[in-house]
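Structural features, examined
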Amino acid sequence: MREKPFAEDLARYKLKRAKEELETARLLCENVRWKAANNRAYYSIYYALTAVLSLETTAFKRHKDTLAYFNQHYVHTGKFSRELGRKIATAEKIRNASDYDDFYIANKDETQRQMETAEQVIREAENFMQGRAPQ
């Protein structure tokens, strides 16, 4: 009987963590740390997605599995927009380039778009968790 309240508590915790990571991304951006800001913006997105998945007590060890499940069960079903799904995929690519590609050059505009995507994902995840339709 504890499963549902626990899932909701976990989802709220993960959403709080998503917001904290976004704040960290903002601080890094202010200090012209584009690659690190891209990383934290992506993690903000990731934690928001895991917050949504926590409501159904679904979790994965690998990010790609989390993203694939979210796309299949939330984007392709219309619970979240396809446009948002594309933005999340782009965020993952930019995060991977920022973290692993020595020749990738991050920039302010791209990093700001990453943070805008993170803000949108958090907002829509929060709305979803509260039972409101995506905007």
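Bear in mind that the values here come from a model prediction, so they are computed numbers and not experimental data.

Looking now at the overall build of the protein. Tallying secondary structure elements over the protein gives five helices and zero strands in all. Its helices and strands in sequence order give the protein the pattern α-α-α-α-α, from N to C terminus. Expressed as lengths along the three principal axes of its C-alpha atoms, the size of the protein is roughly 50 × 30 × 25 Å. Within the protein, the proportion of its 135 residues that are buried is 41%. Looking at the protein alone, contacts between residues at least 24 apart form 64% of all its contacts between residues at least 6 apart. For the protein, the accessible area works out to roughly 7900 Å², and carbon and sulfur atoms hold 51% of it. When the 24 positive and 20 negative side-chain charges of the protein are each reduced to one mean point, those points stand 3 Å apart.

Before going further, it helps to spend a moment on the nonpolar core. Within the largest apolar cluster, 36 residues are counted, with the highest numbers of intra-cluster contacts made by Phe 70 and Ile 88. Within the residue set of this core, elements represented by two or more residues are helix H1 (3-30), helix H2 (34-54), helix H3 (63-75), helix H4 (82-100) and helix H5 (108-129). At 13 residues, H2 tops the list of elements feeding residues into this core.

Spanning 21 residues, H2 covers 30 Å between terminal C-alpha atoms, matching the ideal 30 Å at 1.5 Å per step. Along H2, 18 of the 21 residues are buried, which leaves the element largely enclosed by surrounding structure.

Moving on: the pattern of salt bridges. Applying the stated criterion across every chain yields a total of nine salt bridges. Taking the shortest distance from any N to any O, the salt bridge between Arg 95 and Asp 99 comes out at 3.0 Å. On the criterion of helical spacing, the pair formed by Arg 95 and Asp 99 is a turn pair, its members being four residues apart in helix H4. Overall, Arg 95 belongs to the buried group, its relative accessible area being 11%.

A separate point is the packing of aromatic side chains. The geometry of an aromatic ring pair is captured by the separation of the ring centres together with the interplanar angle, meaning the angle of the planes. Scanning the entire structure with this criterion turns up eleven aromatic pairs. Taking 5.1 Å as the distance between ring centres and 55 degrees as the angle between the ring planes, the aromatic pair formed by Phe 70 and Phe 80 counts as tilted. Here Phe 70 is found in helix H3, whereas its partner Phe 80 is found in the loop between H3 and H4, with ten residues between them in sequence. Judged by its relative accessible area of 3%, Phe 80 is buried. Grouping aromatic residues by their ring pairs yields a cluster made of Tyr 42, Tyr 43, Tyr 46 and Tyr 47. Over the aromatic face of Tyr 74 sits the side chain of Lys 79, whose NZ or CZ is 5.0 Å from the ring centroid.

Calculation criteria
Residues numbered from 1 in each chain as written. Predicted model: local features only at pLDDT ≥ 70, side-chain atom pairs only at ≥ 80, totals over all residues. Heavy atoms only, no water. Helix = DSSP H or I, 4+ residues; strand = E, 2+ residues; numbered from the N terminus. Buried < 20%, exposed > 50% of the residue type's maximum accessible area, 1.4 Å probe, protein only. Contact = heavy atoms within 4.5 Å. Areas by Shrake-Rupley, 256 points an atom, 1.4 Å probe, with all protein chains shown as cover. Lys, Arg positive; Asp, Glu negative; His and termini not counted. Charge placed at Lys NZ, Arg CZ, Asp CG, Glu CD. Core = buried A, V, L, I, M, F, W, Y, C linked by side-chain atoms within 4.5 Å. Expected span 1.5 Å × (residues − 1). Salt bridge = Lys/Arg side-chain N within 4 Å of Asp/Glu carboxyl O. Phe/Tyr/Trp six-rings, centres within 6.5 Å; stacked < 30°, edge-to-face > 60°. Lys NZ or Arg CZ within 6 Å of the ring centre and 35° of its normal.

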